[in-house]
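Here are the chains, one letter per residue:
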Amino acid sequence: MTQRALDPSGEQPTGSSGPPGRDRRVKIDAGSELDPVHPVDLPAPASAGHGLTAAEVAERIARGEVNDVPVRSSRSVTEIVRANVFTRFNLIIGVLWVIMLCVAPIQDSLFGFVIIANTGIGIVQEWRAKKTLDSLAVIGEAKPTVRRDGAAAEVSISEIVLGDLVELGPGDKVIVDGTVAEADSLEIDESLLTGEADPVLKRAGDAVMSGSFVVAGGGAFTATKVGREAYAAQLAEEASRFTLVQSELRSGISTILKYVTWMMIPTAIGLIISQLVVKDNDFKDSVARTVGGIVPMIPEGLVLLTSVAFAIGVVRLGRKQCLVQELPAIEGLARVDIVCLDKTGTLTEGGMDVTEVRALNGADEPYLRRVLGALGASDPRPNASLQAIIDTYSPPDGQTWDVTRALPFSSARKYSGAAFDEGAGRESSWLLGAPDVLLPEADPALTETEQLNQQGLRVLLLARVRGDLDAPDVAAGAVPSALIVLEQRLRPDAGETLAYFADQRVAAKVISGDNAVSVGAVATKLGLPGAEHPLDARKLPTDRDAMATAMEDNTVFGRVTPQQKREMVAALQSRGHTVAMTGDGVNDVLALKDADIGVSMGSGSEATRAVAQIVLLDNSFATLPSVVAEGRRVIGNITRVATLFLTKTVYSVLLAILVVCFQVEYPFLPRHLTLLSTLTIGVPAFFLALAPNKERAHPHFVRRVMRYAIPSGVIAAVATFATYLIAGHHYSGTGALDAETSAATLTLFLVSMWVLAIIARPYTWWRICLVGAMGLAFVIVLAVPWLQDFFALKLVGVTMPWTAVGIAVVASAALEYAWRLVGRRFPV
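Now for a quick tour of the structure. Every chain is numbered independently, its residues counted from 1 as its sequence is written. Side-chain atom pairs in this predicted model are given and counted only at pLDDT of 80 or more, local residue features only at pLDDT of at least 70, and totals for whole chains, interfaces and linings cover all residues. Side-chain figures throughout are based on the complete set of non-hydrogen atoms in the structure, without hydrogens or water.

**A word on the pairing of strand β3 (residues 151–154)**
And then number 1: Paired strands, in this sense, are two strands between which DSSP finds at least two bridges. Under the DSSP-based scheme used, a helix requires at least four consecutive residues in state H or I and a strand at least two consecutive residues in state E, with every element numbered from the N terminus. Sheet topology places strand β2 (residues 145–148) next to β3; four bridges connect them, and they run antiparallel. Directly across from R148, in β3, lies its bridge partner A151.
And then number 2: Turn length for the β2-β3 hairpin, with the two strands adjacent in sequence and antiparallel, is two residues, and the turn residue D149 shows positive phi of about 55°.

Dropping the structure here:
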């Protein structure tokens, strides 16, 4: 097999297709075709290499020996329904709803219908998100190359059967467990499985495990374990990915709900005893008021809104060809304050153009073109750099040079090589790679290279060597023959995207395997601040703290090895930064895995797509701002509306405690709190949760929410109960309790509306309209007779209603003071 010559400049391939070549003849000049290369120095295949026949494949499918592990990007429909319906709060509310249907009018049972509607909305939205995810996952699914009946073809992962001969090339992920059948300098990285950082050289007969990936060389392996027997599938039983995104939002909400549950139980018991035993009321009315006190303690809509916000975010991003493989990744990217960018495929497009070949040391230019053509034609799966050479120096049909030895590219070496039999007894060995790696520091060719790099051009060195390509010091004494100058194509939207990150106070760090000066020149063209002072990663300190300082002080880094990328990410994280890493090549995998959020291009290698939480299927770096904006919208808005929901929980619990302590009837029926919750929380929260929000996400979700919800809830409860007690002394006779309830409802509504008005800031026209519409709706209920009867709300007299308004005004002023005091005394 022919070894793939990887990008010698330090950047890895961005994905390719087609089987590794088996014909090592390279066509150069007119004349007779030379004999194929002798098998000397080449690994012999372990099998005939034809793969299974169609009949054998059909036989294995019939026996169920198929790789049928589903690659699921989302929950099943059954799991979605179960997760939305069978919750502990839905159970509590369901029981209370059934009780209310038996003892009270239908208007006191409205809360049950609201829960049904909310649950239905949650199921529909998550189902829509599932459809989007599943369709995008199919588009972005890796298709391994399988050899059957002697022909190579791409198949889906689920179509691989036991005994299939699966071909491997650089960047390919090992899909199932197997045994190496063919190996040509095959190096596999198993760090995601074993933690061992160094790639393992595989030979025929060696075992390979699913979940590992190819970093160099090529080959093929025979599948020995498929489906749930494969190693990666067993890992997937415990975790869907190698790394899972931590969602502070979801864990915070779970924490809040846990405390709410423990707080609700004793309060509810006390309320039940108070209303049913201590107070000698009508039984049905007591039950209704007891339920009315318990239901608003439950922040059931908070969980729903969080799920809906995430689901809608997935659908929105899906329309932009962005596959979110783990839902909390939307939240994670919103918290990012540093994004590490790989140059090739991110800031630049995949294609390149050879602009010049500068001969060195008197080398013959026509001969150099033959060598470049041979190097290009020796690789059946060329990457961008080599493809540019092929496009310029593709040899004519009809002649060959034979490849006698191939040296695969290594990110640690920064070069690749090949040895040729040129015919007529002539042989030559060549290296193609980074000039500053292959040449000594004093070599004059480096001066030319530096000048070209400063123009943002990519430069490769073609050097002739005398020794064995496998020798560890093969580059020593290499004779420079030519500088190959490549021009990279900048992404037209890269500059705007970098400007967006700068505007959002997200620091961009360009980390590349290319020459630092060249990378800095490219980043400077795109307007990245600090790019004019690039740093060669070979000069980076190894101490983590010192490296973190260098990372914070600099913007562009060149000649970075894969292990260094990983160490850079860890160094930044050690300083408390939330780091996102983008990439598309094999050399990015380890850093993508360790970063808080890994972002892969859709055309990237299978390995990068496997470990990334977000895949940009259209390969557009410009999609990242949309992902960041979507995450900020979700987190910022959920933090806002969570304050609304938990304010209700706080005042409901406190009101229940006050009722028990003062031995009075609970002031509200369920219909009153259903109306209040709908107008001051439910409807506004839905719109606020989906509104644009560019504020960067901050940590400590629970603390940020509760520091405002507790004082707001306390003020609302005290003001409402004060109105209720005053009304109790003001009214007497038949209908007094209804009048007291109406006055208390008015106060609670006005205070809750002021909480909403605070949360809706900063005001826009639609936010003002939203708050105004909720207030108008309440006025309509008070003004329309049949709505008065339906909700049992009727303000009696003039003195008490205006007293209720006055108390609400004082409470609102207290709210303003409390919010400002909390903001100063308890900053997050």
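**Describing the packing of helix α22 (residues 670–689) against helix α25 (residues 765–783)**
And then number 1: Every axis corresponds to a line fitted to the C-alpha atoms, with the helix fit spanning only the stretch in contact, and the corresponding angles, defined between N-to-C directions, vary from 0 to 180 degrees. Put simply, α22 and α25 touch, their axes get as near as 10 Å, and they point 160° apart. Classified by the angle between their axes, α22 and α25 sit roughly antiparallel to one another. Classified by chirality, the crossing of α25 by α22 is right-handed. Residue-level contacts link L675, L676, L679, V683, P684, F687 and L688 of α22 to W766, R767, L770, M774, A777, F778 and V781 of α25. For classification purposes, an angle smaller than 35 degrees is called roughly parallel, one larger than 145 roughly antiparallel, one from 65 to 115 roughly perpendicular, and anything else oblique. Left-handed describes a crossing whose near helix is turned anticlockwise from the far helix by less than a right angle; the clockwise case is right-handed. In this description, contact between two residues means that some pair of their heavy atoms is separated by no more than 4.5 Å.

**Structural notes on the sheet that holds strand β10 (residues 338–341)**
And then number 1: Pairing is mixed across the open sheet formed by eight strands, whose spatial order is β9-β22-β21-β20-β10-β17-β19-β18. Lying at the two open borders of the sheet, with one neighbouring strand each, are β9 (322–324) and β18 (535–536).
And then number 2: Pairing of β10 with strand β20 (residues 579–583), which is carried by three bridges, proceeds in the parallel orientation. When the sheet's bridge partners are listed, V339 is paired in β20 with A580.
And then number 3: Across the face of the sheet, helix α16 (residues 516–525) comes into contact with β17 (507–511), β18 and β19 (556–558) while running at roughly 145° to β19.

**A short note on the pattern of salt bridges**
And then number 1: Put simply, a salt bridge is a Lys or Arg side-chain nitrogen that is within 4 Å of an Asp or Glu carboxyl oxygen. By the definition in use, this model includes 20 salt bridges.
And then number 2: Across the pair R358 and E356 runs a salt bridge, and its minimum N-O distance is 2.8 Å.
And then number 3: Between buried and exposed lies partly exposed: a residue is buried under 20% and exposed over 50% of the maximum accessible area for its type, with that area taken using a 1.4 Å probe on protein chains only. Judged by relative accessible area, E356 falls into the partly exposed class, the value being 33%.
And then number 4: In this structure, D514 and R458 form a salt bridge, with 3.0 Å as the shortest nitrogen-oxygen distance. Of the two residues, D514 sits in the loop between β17 and α16 while R458 sits in strand β15 (residues 458–465), which places them 56 residues apart along the sequence. Like R458, D514 is buried.

**Describing the environment of R491**
And then number 1: Its place among the elements puts R491 in the loop between β16 (479–490) and α15 (494–503).
And then number 2: As a C-alpha pair, R491 and E349 span 142 residues in sequence and 5.6 Å in three-dimensional space.

**Points about the nonpolar core**
And then number 1: Side-chain atoms within 4.5 Å are what join buried Ala, Val, Leu, Ile, Met, Phe, Trp, Tyr and Cys residues into a set we call a nonpolar core. In this structure, L333, I614, F621 and I638 are the most contacted members of the largest nonpolar core, which totals 127 residues.
And then number 2: Counting residues per element, this core draws most heavily on helix α21 (residues 624–662), which supplies 16 residues.
And then number 3: Those residues within four positions of I614 in sequence are excluded, and the remaining contacts are C322, L323, A329, L333, I597, G598, V599, S600 and V627.
And then number 4: One finds A216, L540, M568 and A607 within the second-largest nonpolar core, a separate group that totals 27 residues.

**Here's the deal with the environment of V650**
And then number 1: Tracing the chain through its elements places V650 in helix α21.
And then number 2: Along the primary structure V650 and I298 are separated by 352 residues, whereas in three dimensions their C-alpha atoms are 9.9 Å apart.
And then number 3: Beyond its immediate sequence surroundings of up to four residues, V650 is in contact with A709, I710, G713 and V714.

**Some words on the environment of P299**
And then number 1: Its place among the elements puts P299 in the loop between α8 (283–294) and α9 (300–318).
And then number 2: Separated by 343 residues in sequence, P299 and A642 place their C-alpha atoms 8.7 Å apart.
And then number 3: Filtering out sequence-adjacent residues up to four positions away, P299 remains in contact with L257, V260, F645, L646 and T649.

**Quick notes on the pairing of β2**
And then number 1: In this sheet, strand β4 (residues 165–168) lies alongside β2 in antiparallel orientation, the contact comprising three bridges. Within β4, the residue paired with V146 across the bridge is V166.

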